[in-house]
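Chain by chain, the residues:
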Amino acid sequence: METDLQNSTASDWREWFARNGARFLLCARQWTRSQADAEDVLQEAFVRFWRHQRHLPGDPAALLVTSIRRAALDLVRRETRRTNREQSSLVLDGEPISWFEPADNAADQLLQDALERLPDAQRQVVALKIWGGLTFDEIARQLDCSLNTAASRYRYALARLRETLTTLNYER
Amino acid sequence: MNDNFTDIENALRRLAPRTPSALCQARIAAALETNATSAPASRLRHVPILWSAFAMAAAACLVFVLLPNDAGVSNSAPRTSAPTAVSPASVPAAMDIAAARRARVTLELAAPTDAPSTHRVINSIEPLEPRRTPDGRFFQPYRVRYLDTTRTRSGAGTTLVKSVPTEAVHYVGIDLI
């Protein structure tokens, strides 16, 4: 990820977002119920990060992911309060929009499907590691778990993905 | 540890996460543009909330006492020329948020009635699609529904209470609030 962004202009940050927004949208998707919610969360988190934290030194990924997680939790609280207040029947499942662009080949499609079927805790670690670009230490702090737990979840997730892909390839 | 899973990790990195929608990108771009020209937030962080609220209320009172009524809020479209509807994405996000937060106060202050004996209560405020005049000013229209109640005392010691629902569209200049 680019460094020395502290003195960048709004235009530089807009370009940065155009290059990296998809990765962080996927991170936001881990804690939201729909693609639309994820976009709202990403917008709120990015603008908040840009206003208050863009001048801080270092890689902005960890700060931005922290901001995303906080915005997602805020959204969940707001939605819960609204649901309780209105006593309405919200549709709890998000719309079936894929987290990824359409795959070019069957193997990538299988991998996407397998990833979306992982348990939440494992999938979050994979998303933060692969697309968020965080270290295990940073992931552990994001998810309130130990470093060993984060690393284990990652290892289990990849093992499960490999197992799923092997099985599906064999069945085909 | 990772060496054993290099193939899976490489395969995952090949997947392309879905890009944010054009609307999302436009809103973020608008927010960045708006905030790039405003004061850094850190300078405002230590201003006590009560002082901010007081200053806001005082400013709103001054605007509506000293200026003609249609300077900030009007019952019809802005006079400069016909406003055109704009998508919410093109309205600077920070202004939009500020408008949403303060519109109720502003509209309540600007809710005169034709008859001074009529008591006006706002029933609902519904934000409509933002509009923009050719000279670049943004206006946030609000459809406001009122209940106007008039009490008339008769000579026999009775009171006639007449309640009439009305509604009007107010254009709030976003730059003013």
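Glancing now at the overall build of chain B. Looking only at helices and strands, chain B has five helices and six strands in total. Sequence-ordered secondary structure for chain B, helices as α and strands as β, is α-α-α-α-β-β-α-β-β-β-β. Residues classed as buried in chain B amount to 18% of the 177 residues present. Sequence-distant contacts in chain B: of pairs separated by 6 or more residues, those separated by 24 or more amount to 69%.

Attention shifts here to the nonpolar core. Ranked by size, the top nonpolar core spans 47 residues in total, and within it Cys27, Ala28, Leu42, Phe46 and Ile68 of chain A carry the most contacts. The biggest single contributor to this core is helix α2 (residues 35-52) of chain A, with eight residues. Two domains each donate at least three residues to this core, and these are domain 1 (1-94) and domain 2 (98-172) of chain A. Excluding residues within four positions of it along the chain, phenylalanine 46 of chain A makes contact with Phe17 and Leu64 of chain A together with Ile28 of chain B. Membership of the second largest hydrophobic core comes to six residues, among which are Phe139, Tyr142, Val144 and Val172 of chain B.

At the junction of the two partners, chain A supplies 31 residues and chain B supplies 27 residues. Secondary structure elements with two or more residues in the side of chain A that touches chain B: α1 (10-29), α2, α4 (106-116) and α7 (147-171) of chain A. Among the residues making up the side of chain A that touches chain B, the classes are represented as 18 nonpolar, five polar and eight charged.

Attention shifts here to α2 of chain A. Its 18 residues give α2 of chain A an end-to-end C-alpha distance of 26 Å, which sits within 8% of 26 Å, the value for a rise of 1.5 Å per residue. For α2 of chain A, the complete set of buried residues consists of Gln35, Ala38, Glu39, Val41, Leu42, Gln43, Glu44, Ala45, Phe46, Val47, Phe49 and Trp50 of chain A.

A separate point is helix α6 (residues 136-143) of chain A. Residues lying three or four places apart along an α-helix face the same way, a consequence of the helix completing one turn every 3.6 residues. Residue and element names in this part refer to chain A. If you check which residues of α6 are buried, you get Phe136, Glu138, Ile139 and Gln142. An end-on view of α6 places all buried positions within 160 degrees of arc, on one side of the element. Two residues or fewer past α6, aspartate 144 is found with a positive phi of approximately 55 degrees.

Positionally, leucine 147 of chain A belongs in helix α7. As a C-alpha pair, leucine 147 of chain A and phenylalanine 136 of chain A span eleven residues in sequence and 6.0 Å in three-dimensional space.

Our next topic: the confidence of the model for chain B. All names here are of chain B. Residues of chain B with pLDDT of at least 70 account for 53%, and the chain-wide mean is 67. Mean pLDDT per element in chain B: helix α3 (residues 41-44) is the minimum at 44, and helix α1 (residues 6-14) is the maximum at 89. pLDDT under 50 marks residues 39-47. Its contacts with residues more than four places away, or in other chains, come to four contacts.

About the thresholds
- Chains are numbered independently. Their residues run from 1 in the order of the written sequence.
- By the order in which they are written, chains take letters starting at A while ligands take numbers starting at 1.
- Given that this is a predicted model, residues contribute local features only at a pLDDT of at least 70 and side-chain atom pairs are listed and counted only at 80 or more, while totals for whole chains, interfaces and linings are drawn from all residues.
- Secondary structure counts use DSSP, requiring at least four H or I residues in a row for a helix and at least two E residues in a row for a strand, with both numbered from the N terminus.
- Think of it as a crowd count around each C-beta: if 20 or more other C-beta atoms lie within 10 Å the residue is buried, if 12 or fewer it is exposed, and in between it is partly exposed, with C-beta placed from the backbone throughout.
- Think of it this way: build a C-beta for each residue from its backbone, and any pair within 7 Å is a contact.
- Throughout this description, the term nonpolar core refers to a group of buried Ala, Val, Leu, Ile, Met, Phe, Trp, Tyr and Cys residues whose C-beta atoms join them within 7 Å.
- What marks off one domain from the next here is an automatic or database domain assignment.
- Each residue gets one of three labels, nonpolar for Ala, Val, Leu, Ile, Met, Phe, Trp, Tyr, Cys and Pro, charged for Asp, Glu, Lys and Arg, and polar for the others, Gly among them.
- A helix is expected to span 1.5 Å for every residue after the first.
- Directions are taken from the helix axis to each C-beta atom, and the arc is the one they span.
- pLDDT is a residue-level measure of predictor confidence that goes from 0 to 100.

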